[in-house]
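# Structural description and commentary
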Amino acid sequence: MVSEKLSALKDEMLKAVEAASSLADLEAAEIRFLGRKGELTAVLRSLGDLPESERRELGRMANEVKMEGERRIAAARERLSASAASSVADSERVDVTEPGTRPPEGHLHLVTHAIREITAIFERIGFVRTREPEVEWDWYAFESLNMPPDHPARDEWETFFMDAPVHPKWGKMILTPHATSGTARILASEKPPIRAINIAKTYRRQIDVTHVPMFHQFDGVYVDKDVSLAHLIGVLDYFAKEYFGPERRARLRPHHFRFTEPSFEFDISCGVCNGTGLGPDRQKCRTCKRGWLELGGAGMLHPNVLKAAGLDPKKFSGLAFGWGVERSAVMKSGVQLDDLRVLYKNDMRFLGQF
Ligand code: DAH
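Criteria and cut-off values
Residues numbered from 1 in each chain as written. Predicted model: local features only at pLDDT ≥ 70, side-chain atom pairs only at ≥ 80, totals over all residues. Heavy atoms only, no water. Buried < 20%, exposed > 50% of the residue type's maximum accessible area, 1.4 Å probe, protein only. Helix = DSSP H or I, 4+ residues; strand = E, 2+ residues; numbered from the N terminus. Pairing = 2+ DSSP bridges. Domains from an automatic or database assignment. Phe/Tyr/Trp six-rings, centres within 6.5 Å; stacked < 30°, edge-to-face > 60°. Lys NZ or Arg CZ within 6 Å of the ring centre and 35° of its normal. Axes fitted to C-alpha atoms, helices over the stretch in contact; angles between N-to-C directions. Parallel < 35°, antiparallel > 145°, perpendicular 65-115°, else oblique. Contact = heavy atoms within 4.5 Å. Left-handed = near helix turned anticlockwise from the far one by under 90°. UniProt positions renumbered as here; feature names shortened; annotations may be inferred.

### Structural notes on the pairing of strand S4 (residues 194-203)
Within S4, eight of the 10 residues are buried, which leaves the element mostly enclosed by the surrounding structure. Across three bridges, strand S1 (residues 128-130) lies against S4 in parallel orientation. In the sheet register, Thr 130 faces S4, and the bridge partner there is Asn 198. In this sheet, strand S5 (residues 214-224) lies alongside S4 in antiparallel orientation, the contact comprising 10 bridges. Each residue of the ladder has a partner; that of Tyr 203, found in S5, is Met 214.

### Remarks on the domain arrangement of the protein chain
On domain assignment, one finds that the protein chain holds domain 1 (2-82) and domain 2 (110-351). Between the C-alpha centres of domain 1 and domain 2 there is a distance of 94 Å.

### Examining the packing of aromatic side chains
Applying the stated rule across the entire model yields 17 aromatic pairs. Ring centres of Tyr 140 and Trp 170 lie 5.5 Å apart, and the angle between their planes is 25°; on these two criteria the pair is classed as stacked. On the criterion of sequence distance, the pair formed by Tyr 140 in helix H6 (residues 138-141) and Trp 170 in the loop between H6 and strand S3 (173-175) is long-range, its members being 30 residues apart. A residue is classified by how much of its surface remains accessible, and Trp 170, at 22% relative accessible area, is partly exposed. Aromatic side chains Phe 218 and Phe 239 sit 5.8 Å apart centroid to centroid with 50° between the ring planes, which places their arrangement in the tilted category. Note that Phe 218 is positioned in strand S5 and Phe 239 in helix H8 (residues 229-244), a separation of 21 residues in sequence. Here the two residues Phe 218 and Phe 239 agree in accessibility, since each one is buried. An aromatic cluster is defined as three or more aromatic residues linked by ring pairs; in this entry it consists of Phe 122, Phe 127, Phe 218, Phe 239, Tyr 243, Phe 244, Phe 266, Phe 321 and Trp 323. Looking at Arg 185, its charged tip hangs above the ring of Tyr 140, at a distance of 4.2 Å from the centre.

### Observations concerning the packing of helix H1 (residues 2-19) against helix H4 (residues 52-91)
Closest axis-to-axis distance for the H1/H4 pair is 10 Å, and the angle between their directions is 0°. Classified by the interaxial angle, the pair formed by H1 and H4 is roughly parallel. Every residue of H4 that contacts H1 at Val 2, Ser 3, Leu 6, Lys 10, Met 13, Leu 14, Val 17 and Glu 18 is listed here: Leu 58, Met 61, Ala 62, Val 65, Glu 68, Gly 69, Arg 72, Ile 73, Ala 76 and Arg 79.

### Some words on the packing of helix H5 (residues 110-123) against H8
At their nearest, the axes of H5 and H8 sit 10 Å apart, and the two run at 130° to each other. The orientation of H5 with respect to H8, classified from their angle, is oblique. Two packed elements cross with a definite hand, and for H5 against H8 that hand is right-handed. Contact residues: Ala 114, Glu 117, Ile 118, Ile 121 and Phe 122 in H5; Val 235, Tyr 238, Phe 239, Glu 242 and Tyr 243 in H8.

### With respect to the UniProt feature "binding site: Mg(2+)" (unreviewed entry) in the protein chain
Within the UniProt annotation, "binding site: Mg(2+)" (unreviewed entry) is assigned to Glu 261. Tracing the backbone through its elements, the reader meets Glu 261 in strand S7 (residues 260-269). Residues in contact with Glu 261, not counting those within four places in the same chain, are Met 300, Leu 301 and His 302.

Listed below in structure tokens is the structure:
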């Protein structure tokens, strides 16, 4: 009886081992038959109750069944773990010839781009880029630039004043509202011939769709003997062509600045209507309305400015020009920005387009 039970158990056990399709199945079969409370283990234990004569023969049989089971389990384990390993190898295989995933590529901010491009353009005609203080004294930003004490830019509404003691010689400490303060410093510290361009952050108490309180300006200056208005027109026309394209032209319109005489506003011909002011439908050009786009200020340095810098206006003359980097960059990109503030909102959906 016991021997029949043993051979039935053996069949069952071998079937379960062969049927196991995973290491977990196999483990379950092993526990079921050979574990501490397993079915075969129970039979082996019960042998002790049999008479001596039967015990020997059945004991040998039971041991054989047990060993057979262990052998088959070991073989099945080898087979199953090899196939488990090969399926891991399949699912985790790396094809090194496959193209990789491109990491997102960054690029410079469009204002930084514009600063570099403007610098390179002026360097080609001998202007050296300088960096001047952006926290500045009234003397350099206003007083030495021939601005009277009651000039509107000097009052609270446009200029940021620092909470610092007034300097007996240089006056109040401010955040510079225009890059021309850097030009005043260059004039005071260098000897002609001077050809320099200061590009700096500038600050004004204005914020709306066309103004940000921190923006960038560049301010160029050329001082030597016999520098004339012809040079100024030449420099500006060169810039218009280099920065905006070879078909663009520069135009000067009389204006007023305290630190230049004569003073001008500098326009460039509109790239859409090519300076005609007319759209394809013979109506007014929708971009410029009159053929020209206003860009910045320019002029011949006022004698008082040269004097304030210790230069003799009878010996030397100079030209100067300056305007906003953001304005230039936006005009060049051809994008109609209805809110200039997006430039500084760090929104990748906007910045990523440039
Ligand atoms: N600094 C002036 C401004 O911010 C612009 C300007 C006008 C600069 C004439 C110049 C210049 O160098 O000659 O409005």
